[in-house]
Amino acid sequence: MASNPTKTAAPTGGLNEKKHDRRSTSSESVSGTAFAEHADRTGTSNQNARLEASKKIANPLAGLSPQRLEAMGEEYAMMAGLTSEEDIRAFRLGARIAGDESNYDLIPELTEREKEVLVRETTHKWSNPPMLYWVVVICSLCAAVQGMDETVVNGAQLFYKDKFGIGTDSQRDTWLLGLVNSAPYLCCAFIGCWLTEPMNRIFGRRGTIFVSCIISAVACFHQAFTNTWWHMFIARFYLGLGIGPKSATTPIFAAECSPPKLRGALVMQWQMWTAFGIMVGYIADLAFYFVPDHGIGLGLNWRLMMGSAMIPAVIVVCLAFLCPESPRWYLSKGRHQDAFGALCRLRFEKVQAARDLFYTHTLLEAEKQAMSGVKKGNRLKELFTVRRNRNAVIASSGLMFMQQFCGVNIIAYYSSAVFRDAGFSDVSALAASLGFGVVNWLFAIPAMYTIDTFGRRNLLLTTFPLMSLFLFFTGFSFWIPEDSKAHIGCIALGIYLFGMVYSPGEGPVPFTYSAEAYPLYIRPIGMSLATATTWFFNFILSITWPRMVTAFKPQGAFGWYAGWNIIGFLFTLFLVPETKGKTLEELDHVFDVPLKKLVRYGADQSLWFFHRGKNGKGMRPTAPSAEMYHGDAERMNEVVSEMGPTSGEQQLGEGEREKRWNKEREREGGIMGRGDAAGKV
């Protein structure tokens, strides 16, 4: 939970700051230049101050003595109005545990029961009160709502596109079919995602989930009663008002209610149960296929398919307020007693609840310090002007883009049509789509283990080439003669193999990566941008596929997205640093690195991989970090100063300084290519 309190955070200015120092002391500087540089340094200083404050959130209690922690706990309990002797004791001990969880035996005031429960948090992390698992059930149902919202249209469009007069291969009809199917994601990208913050502020986590599921239920019900393509477009468009806030709020709700050691696994449940909802959507399509019309105009079966997605949404609406609200949200509203009451329902002992509440309160105070004096517009600007933030935007938004352009949702939304074009009957196409849903769900389960074991970057570097291979295989299988059994078999095999490698890789990684990539003072804006990115390109993919498969044929359309997976591999190799197991302070070091260093590391890593494969030798390159970079910068100043100026130069340019430094490192045997990826500055 805590980072090393003695570790000093590296400055984020690096060589540029030293360059400013030299310029400001130059005898040739003019007053206007000096003023501009002073303003630049002042702006950088303010940005760095916020980053430093954000780093403190990694361990706001570092270095405090047990006596000081206990006093702080008692002070907080009195301030919060929790004045009973039992509550004051809980906060006194809870604050001490929050600062140092290393040895509970050193706290004699703890009862044996309290010690046992605290130890079991580590040894049996899945041992928790039933109410916590009730929260997990609610969040899982929300994910299932999401999955069904996305996939019931897969089978229903086999019918309604003909009923609505948009079922031909003409340019008009293919674009209109894509527009109708993609309507929720258009709404998510431009409206739904950006409603998340105000809805959470007004309604809370439970309230946002409640309202968004009501919207989803009403929209699904509306879809079942549409009679024209534009009427269906309207119903599906405002479905996005439910999908956007729900998709952003539910993982946050799960994280804020969970114990720290269980948080990652519970947040990962979102992807797994979304995959489950996708599978249930396919089941609904198949179950309602044979329902007769019973005199219903334009058919009944597709209406039941579209309306069935409201069932899990209605269940969530009925159950949402039976679980406690997020304690963190209560704290943000100053409702400390409500927050403590909620945590007591989510933990076995009051000491646990007091520990988590005190620590969360301390984190919120650190966040306020990080965001003090920063307007929302300035935070949006710093998302792109501060290198540490800009690199996070590039990595997270790129992965969110690739989550769509890896091609998974052409299968999720259009697999029944793809299988029918491959020669399947309608029923067989729906059954084959269900098979993909089962594969997608089953292979999402191991992701809870692999994402923290193998790491985000390694999973992507492994799965992107495989996804590309399987999409090429699927597309090229359409060239197999249709009278051959291999035609259908190879197409289905390629799609299933694609689902197997997508589910533990590009499925869970983008949301997990984006949630941890940004410093806390801009994280809400960063996550809104990331989710808006994925929903926007989801819209682009959904609206273009019907026209693309008509123009490019299946071979070219699948080959198009196979090519994007190759681009995704290169993007990950050169621009996506690893974040597995990093504290907030370490993540600042990971992202505050010049892009050319990340690109150079990716190149060295690929060369090392092939070099090792050839002769089994070579040292693994070291991932660059700002701490290493700035440390080398300081050492470079010392070495270059000892070497002295050349050719009468009074000051060396940056290029000459780096050449001298790299020459010195090469002499010492430490440059890249000899095992140290951060050898050059």
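See the structure printed just above.
Residues numbered from 1 in each chain as written. Predicted model: local features only at pLDDT ≥ 70, side-chain atom pairs only at ≥ 80, totals over all residues. Heavy atoms only, no water.

### Some points on the nonpolar core
Side chains of a nonpolar character, in soluble globular proteins, are inclined to be buried together. Heads up, the condition is: Only buried residues count toward a nonpolar core, which is a set of Ala, Val, Leu, Ile, Met, Phe, Trp, Tyr and Cys residues joined through side-chain atoms within 4.5 Å. Partly exposed residues are those whose accessible area sits between 20% and 50% of the maximum for their type, while under 20% is buried and over 50% is exposed, using a 1.4 Å probe and protein chains only. Each helix corresponds to a stretch of at least 4 residues labelled H or I by DSSP, and each strand to a stretch of at least 2 residues labelled E; elements are numbered beginning at the N terminus. Contacts between residues were defined by any pair of non-hydrogen atoms, one from each residue, lying within 4.5 Å.
Counting 99 residues, the largest nonpolar core has Y160, F498 and W545 as its most contacted members. If one sorts the elements of this core by residue count, helix α24 (residues 523-575) sits on top with 14 residues. Those residues within four positions of Y160 in sequence are excluded, and the remaining contacts are V153, L177, V180, N181, M232, W302 and M306. Judged by nonpolar contacts, the second largest core, of 26 residues, contains L82, L331, A342 and L363.

### Digging into helix α17 (residues 387-405)
Quick reminder of the rule: Here, expected helix span is obtained from the residue count minus one, scaled by 1.5 Å.
The first and last C-alpha atoms of α17 sit 26 Å apart over 19 residues, in line with the 27 Å expected at 1.5 Å per residue. Judged by how many residues are buried, α17 sits mostly within the fold: 17 of 19 residues are covered. Directly beyond the C-terminal end of α17, a positive phi value near 100° is found at G407.

### Quick look at the environment of T462
For the record, the criterion: Polar contact criterion, stated in full: a pair of N or O atoms within 3.5 Å, where within protein one must be able to donate a hydrogen and the other to accept it, and residues adjacent in sequence count only if both atoms are side-chain atoms.
Along the chain, T462 falls in helix α21 (residues 456-476). The class of T462 is partly exposed, set by a relative accessible area of 48%. With 43 residues separating them in the primary sequence, T462 and G505 have C-alpha atoms 8.2 Å apart. A distance of 2.8 Å separates a polar atom in the side chain of T462 from the backbone oxygen of N458.

### Re the packing of helix α23 (residues 509-517) against α24
Let me state the cut-off plainly: For every element, the axis is a line fit to its C-alpha atoms; helices are fit only across the contacting stretch, and the angle between N-to-C directions ranges from 0 to 180 degrees. The scheme is simple: roughly parallel for angles under 35 degrees, roughly antiparallel for over 145, roughly perpendicular for 65 to 115, oblique for anything else. In a left-handed crossing the near helix is turned counterclockwise from the far helix by less than a right angle, and in a right-handed crossing that turn is clockwise. We call Asp, Glu, Lys and Arg charged. Ala, Val, Leu, Ile, Met, Phe, Trp, Tyr, Cys and Pro are nonpolar, and the rest, Gly among them, are polar.
Interaxial distance between α23 and α24 falls to 9 Å at its minimum, and their mutual angle equals 155°. Taken together, the axes of α23 and α24 lie roughly antiparallel to each other. The two elements α23 and α24 cross, and the hand of that crossing is right-handed. Where α23 abuts α24, its residues F511, S514, A515 and E516 lie against R523, M527, A530, T531 and T534. Of the residues belonging to the contact of α23 with α24, the class tally is four nonpolar, three polar and two charged.

### Points about the packing of helix α8 (residues 196-223) against helix α12 (residues 310-319)
For the pair α8 and α12, the least separation of the axes is 8 Å and the interaxial angle reads 150°. Comparing the axis directions of α8 and α12 gives the class roughly antiparallel. Handedness of the α8/α12 crossing: left-handed. The residues of α12 that touch α8, namely those facing I209, F210, C213, I214, S216, A217, C220 and F221, are M310, A313, V314, V316 and V317. Classifying every residue of the contact of α8 with α12 gives 12 nonpolar, one polar and no charged.

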